[in-house]
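Structural description and commentary
What follows is each chain in one-letter form.
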Amino acid sequence: LPSARLLLVSLVALYLRRVCSNTETDRVYWANFATGAIQRSGTDGQGVQTVRTIPGSYIRALVLEEENCMMYYADRNAIMRMTIDGASDPVKFVDLAGDDPVAMWRDTAANVLYWTTSTESKIQR
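Read on for an overview of the structure. (Residues numbered from 1 in each chain as written. Predicted model: local features only at pLDDT ≥ 70, side-chain atom pairs only at ≥ 80, totals over all residues. Heavy atoms only, no water.)

Before going further, it helps to examine the pairing of strand β9 (residues 101–107). Two faces make up the sheet, and in a regular strand the side chains alternate between them. When β9 meets strand β10 (residues 112–117), the two strands line up antiparallel, connected through 6 bridges. The residue bridging Trp105 from the neighbouring strand is Tyr114, located in β10. Hairpin geometry of β9 and β10 is characterised by an intervening segment of 4 residues between the two adjacent antiparallel strands and by a positive phi of about 55 degrees at Asn111. (Pairing = 2+ DSSP bridges. Helix = DSSP H or I, 4+ residues; strand = E, 2+ residues; numbered from the N terminus.)

What follows is the structure in structure tokens.
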């Protein structure tokens, strides 16, 4: 249809066990880069909640640090950090000086955060 619009939405989902004191049940977390919303629900998909919407953001990746109830997300030119419940204001954790992070993951045993960017052909930490 000519009036139909295609919306490309990237969802990054993460599973969170009941390890945080503010987490009553198991949860799945995801970020929608089109809207800047970080959301969560029960593992059955019920009870969808918006944890936080970050206007003007372009969230491409989301990583949870369950033992400290923190989350990290890849945004334009930076990796940001805030509490899992979204109550704290996001703070810049890593400044990538004009480069966009596109993927992140965390080695929980070593407590190291890794990422890749749109221009570097390497894994960084």
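The next thing to look at is the packing of aromatic side chains. Tallying each qualifying case throughout the model produces 2 aromatic pairs. Taking 4.9 Å as the distance between ring centres and 65 degrees as the angle between the ring planes, the aromatic pair formed by Tyr72 and Phe93 counts as edge-to-face. On the criterion of sequence distance, the pair formed by Tyr72 in strand β6 (residues 70–75) and Phe93 in strand β8 (residues 91–95) is long-range, its members being 21 residues apart. Note on Tyr72: relative accessible area 5%, which makes it buried. (Phe/Tyr/Trp six-rings, centres within 6.5 Å; stacked < 30°, edge-to-face > 60°. Buried < 20%, exposed > 50% of the residue type's maximum accessible area, 1.4 Å probe, protein only.)

Attention shifts here to the environment of Tyr58. Relative to the assigned elements, Tyr58 resides in the loop between β4 (49–53) and β5 (61–65). A relative accessible area of 27% places Tyr58 in the partly exposed class. Separated by 26 residues in sequence, Tyr58 and Asn32 have C-alpha atoms that sit 8.3 Å apart. In contact with Tyr58, not counting residues within four places along its chain, are Phe33, Ala74, Asp75 and Arg76. (Contact = heavy atoms within 4.5 Å.)

A few words on the pattern of salt bridges. For the coordinates displayed, the defined rule picks out 2 salt bridges. One salt bridge in this structure joins Arg52 and Asp89, with 2.9 Å as the shortest N-O distance. Linking Arg52 in strand β4 with Asp89 in the loop between β7 (78–83) and β8, this pair joins segments that are 37 residues apart in sequence. On the basis of relative accessible area, Arg52 is assigned to the partly exposed category, the value being 21%. In this structure, the salt-bridge partner of Arg106 is Glu67, at a minimum N-O distance of 2.3 Å. Of this pair, Arg106 sits in strand β9 while Glu67 sits in the loop between β5 and β6, and the two are 39 residues apart along the sequence. (Salt bridge = Lys/Arg side-chain N within 4 Å of Asp/Glu carboxyl O.)

This part takes up the side chain of Arg40. As for its placement among the helices and strands, Arg40 is situated in strand β3 (residues 37–42). Here Arg40 sits buried without a salt bridge, and the closest side chain of opposite charge, Asp85, lies 6.8 Å off (N-O distance). One polar contact links Arg40 to Tyr29, side chain to side chain, over a distance of 3.1 Å. Here the side chain of Arg40 touches Gln49 through a polar contact of 2.7 Å, side chain to side chain. (Lys, Arg positive; Asp, Glu negative; His and termini not counted. Polar contact = N/O pair within 3.5 Å; in protein donor to acceptor, adjacent residues only side chain to side chain.)

A word on unusual backbone geometry. Despite not being glycine, Cys69 has its phi angle at roughly 55 degrees, a positive value. As for its position among the elements, Cys69 is in the loop between β5 and β6. Take Cys69: its relative accessible area is 17%, and that puts it in the buried class. Positive phi, close to 65 degrees, is recorded for Asn77, a residue that is not glycine. Tracing the backbone shows Asn77 in the loop between β6 and β7.

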